[in-house]
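# Coordinate inspection notes
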Amino acid sequence: MENAANAAKKPKLVTMSFVPVPEKSHFPIQNLPYGVFSTKSNPRHRLGVAIGEQILDLSVVKGLFTGPELKGKQNVFEEPTLNAFMAHGPAAWKEARATLQKLLSADEPTLRDNADLRTRALVPQADATMHLPATIGDYTDFYSSRQHATNVGTMFRGPENALMPNWLHLPVGYHGRASSVVVSGTPVRRPCGQTRPDDTKPPTFGPCKLLDIELEMAFFVGPPNELGQPIPISKAQDHIFGMVVMNDWSARDIQKWEYVPLGPFLGKSFSTSISPWVVTMDALMPFVTDNAKQDNPPILPYLQHEDKYNFDIKLSAAVKAEGMAEPGVICNSNYKNMYWTMKQQLAHHTVNGCSMRPGDLLASGTISGETEDSFGSMLELCWKGTKTIDIGGGQTRKFLKDGDEVILSGYCQGEGYRVGFGECTGKILPAHTS
């Protein structure tokens, strides 16, 4: 039995906030994700933390961060992006989280009982416009779900050659286009490009006809590493700030024609959507789960780690066609379907000395499970056009039509609460005709 002395040493677990948190909200006090927002009355981009249906404006309460890590660095909460705060590392992140949980707790009077401060500091989410949480210098997309890689490989090469020879030895990835990463709610213009639907005829130019989603997650890099200095896997977690839900929109017909030999280009670079709230790794650690087994074949030592760094995050994708009252869910997946962990992705990315910078974005790749209803792309759900996907309301799809809105979401389920990411949405606009 735990004695009183040991119990007294443990920090008090904060489970309730004075700010109302609706049932099944993604943003209870156990979460406290970071984002960047503005309002009509104050168009300046500023940092905020989601709590219930409110946003705590960190620029208003910056003076309350008085711990040893942040006392002399309070100006990071005046910045228009999270990059500077991300750069400070785990000690500052943990201190900030502890301060925020205390400040927003039901039994802490500092903000609760100060009506003037509360009015200035809490902003209804309904009144806010969300922006990209960081300036993204570089963006990398991995291909780390074994089931997704197996599905796509089976379609195009057959089950006997589904995985390329390198796939089980290293986290395969490619460098994406950071300039076209957009925040949730930004419309997505159907891209144009070259396609070759008939292999016996020359390629043609026009709008993409096979526009797809990719249900992904991504993490933001925190402290940088020097060029030429790898991040060892034992320290990788110190460079991972937090996660977002991602839709890496894909033009399958453009991609098919262009990707040999150098990989994706215009079929990917037209748009990548992310959810606006960055959920910290501290908020996700209660939901850590077993890593995938990687013993057949064994992986090289620089990628090996014993600590758990996979997460039980429930993910969904839905499509709402024009005229539909409610979106139809087409996929329910889970981040724990990943084969390669974020630590392995970061260690591999830097093993050659590649430098990371605060705000760099590293994505998981499409996350698919073993069952058909957990496939994370329409390419898989329609199995390369051989099936239709029921989106509800008597409508079906193989790929996206103009006017379709896609809604991705994710959350972790705790005991009586959720730690969630909110939504990642985008609506398809027609291609430019000129």
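Before any of the text, the structure's been laid out above.
Residues numbered from 1 in each chain as written. Predicted model: local features only at pLDDT ≥ 70, side-chain atom pairs only at ≥ 80, totals over all residues. Heavy atoms only, no water.

Time to look at unusual backbone geometry. Here the bond from Val-260 into Pro-261 is cis, since omega is 10 degrees, no more than 30 degrees from zero. Counting through the fold element by element, Pro-261 comes out in the loop between helix H7 (252-258) and strand E16 (272-274). The peptide bond linking Asn-296 to Pro-297 adopts the cis configuration, its omega dihedral lying at 5 degrees. With respect to the helices and strands, the residue Pro-297 is situated in the loop between strand E18 (288-289) and strand E19 (310-311). The phi angle at Lys-24 is positive, at roughly 70 degrees, despite the residue not being glycine. Along the chain, Lys-24 falls in the loop between helix H1 (4-9) and strand E1 (34-39). With a relative accessible area of 58%, Lys-24 lands in the exposed category. One non-glycine residue, Lys-384, adopts positive backbone phi at about 60 degrees. You can see Lys-384 is positioned in the loop between helix H10 (378-381) and strand E23 (389-392). (Helix = DSSP H or I, 4+ residues; strand = E, 2+ residues; numbered from the N terminus. Buried < 20%, exposed > 50% of the residue type's maximum accessible area, 1.4 Å probe, protein only.)

Turning next to the side chain of Asn-247. On the secondary structure map, Asn-247 appears in strand E14 (residues 240-247). Among the residues examined, Asn-247 registers a relative accessible area of 1% and is labelled buried. Leaving out residues up to four positions away in the same chain, Asn-247 has contacts with Ile-213, Glu-214, Thr-272, Ser-273, Val-406, Leu-408 and Cys-424. (Contact = heavy atoms within 4.5 Å.)

With that out of the way, let us pick up the nonpolar core. The biggest cluster of nonpolar side chains holds 58 residues, and the ones touching the most others in it are Met-243, Leu-284, Ile-313, Ile-330 and Tyr-335. Ignoring any residue separated from it by four or fewer positions in sequence, one finds Tyr-335 in contact with Met-217, Met-243, Asn-310, Phe-311, Ile-313, Leu-315, Met-342, Ser-364 and Ile-367. Within the second largest apolar cluster, 42 residues are counted, among which are Ala-96, Leu-103, Ile-136 and Ala-218. (Core = buried A, V, L, I, M, F, W, Y, C linked by side-chain atoms within 4.5 Å.)

Before going further, it helps to examine helix H9 (residues 342-350). The buried fraction of H9 amounts to nine of the nine residues, a majority that puts the element mostly inside the structure. Looking at H9, one finds that the buried residues are Met-342, Lys-343, Gln-344, Gln-345, Leu-346, Ala-347, His-348, His-349 and Thr-350.

Strand order in this open sheet of five strands is E9-E26-E25-E20-E21, and the pairing throughout is mixed. Two strands lie at the open edges of the sheet, namely strand E9 (188-189) and strand E21 (328-334), each paired on one side alone. Pairing of strand E25 (residues 405-413) with strand E26 (residues 418-429) involves eight bridges; the strand directions are antiparallel. The partner of Gln-413 across the bridge, within E26, is Arg-418. (Pairing = 2+ DSSP bridges.)

If you add up the space inside the largest pocket, you get close to 1,100 Å³. The wall of the largest pocket is formed by 40 residues, among which Tyr-143, Val-152, Gln-255, Tyr-259 and Pro-264 lie closest to the centre. Looking at the lining of the largest pocket, the elements that each hand over two or more residues are strand E6 (139-142), helix H6 (146-157), strand E7 (173-175) and H7. Within the lining of the largest pocket, the residues separate by chemical class into 20 nonpolar, nine polar and 11 charged. (1 Å grid on protein atoms, 1.4 Å probe; cavity = no way out; pocket = protein on both sides within 12 Å on 5 of 7 lines; lining within 4 Å. Points joined across faces, edges and corners; volume = space filled by probe spheres on them. Nonpolar A, V, L, I, M, F, W, Y, C, P; charged D, E, K, R; others polar.)

A separate point is the pairing of E1. The element E1 is largely enclosed, with a buried count of six among its six residues. Along E1, one buried face is formed by Tyr-34, Val-36 and Ser-38 and the opposite face, lined by Gly-35, Phe-37 and Thr-39, is buried too. The pairing of E1 with strand E2 (residues 46-51) spans four bridges and is antiparallel. When the sheet's bridge partners are listed, Tyr-34 is paired in E2 with Val-49.

The five strands lie next to each other as E4-E3-E2-E1-E5, forming an open sheet whose pairing is antiparallel. Edge strands, defined here as strands with exactly one partner in the open sheet, are strand E4 (122-124) and strand E5 (128-131). Going across the sheet, the axis of each strand differs from the next one's by a mean of 50 degrees, ignoring polarity. Where E2 and strand E3 (residues 54-57) come together, four bridges link them in antiparallel fashion. Directly across from Ile-51, in E3, lies its bridge partner Gln-54. (Axes fitted to C-alpha atoms, helices over the stretch in contact; angles between N-to-C directions.)

Counting buried residues in E26 gives nine out of 12 residues, a clear majority hidden from the surface. In this structure, the hairpin formed by E25 and E26 is closed by a connection of four residues, where Gly-416 is found at a positive phi of approximately 85 degrees.

The next subject is the pattern of salt bridges. Pairs can form between side chains of opposite charge once their charged atoms are near each other. Per the stated rule, a full pass over the model turns up 16 salt bridges. For Glu-214, the salt bridge identified is with Arg-252, shortest N-O distance 3.0 Å. On the criterion of sequence distance, the pair formed by Glu-214 in the loop between strand E12 (211-212) and strand E13 (215-221) and Arg-252 in helix H7 is long-range, its members being 38 residues apart. Residue classification places Glu-214 among the buried positions, given a relative accessible area of 5%. Judged by relative accessible area, which is 10%, Arg-252 ranks as buried. In this structure, Asp-248 engages Lys-268 in a salt bridge whose closest nitrogen and oxygen atoms are separated by 3.6 Å. Here Lys-268 lies in the loop between H7 and E16 and Asp-248 lies in the loop between E14 and strand E15 (250-251), a separation of 20 residues in the sequence. Taking the relative accessible area as the measure of exposure, Lys-268 reaches 7% and is therefore buried. (Salt bridge = Lys/Arg side-chain N within 4 Å of Asp/Glu carboxyl O.)

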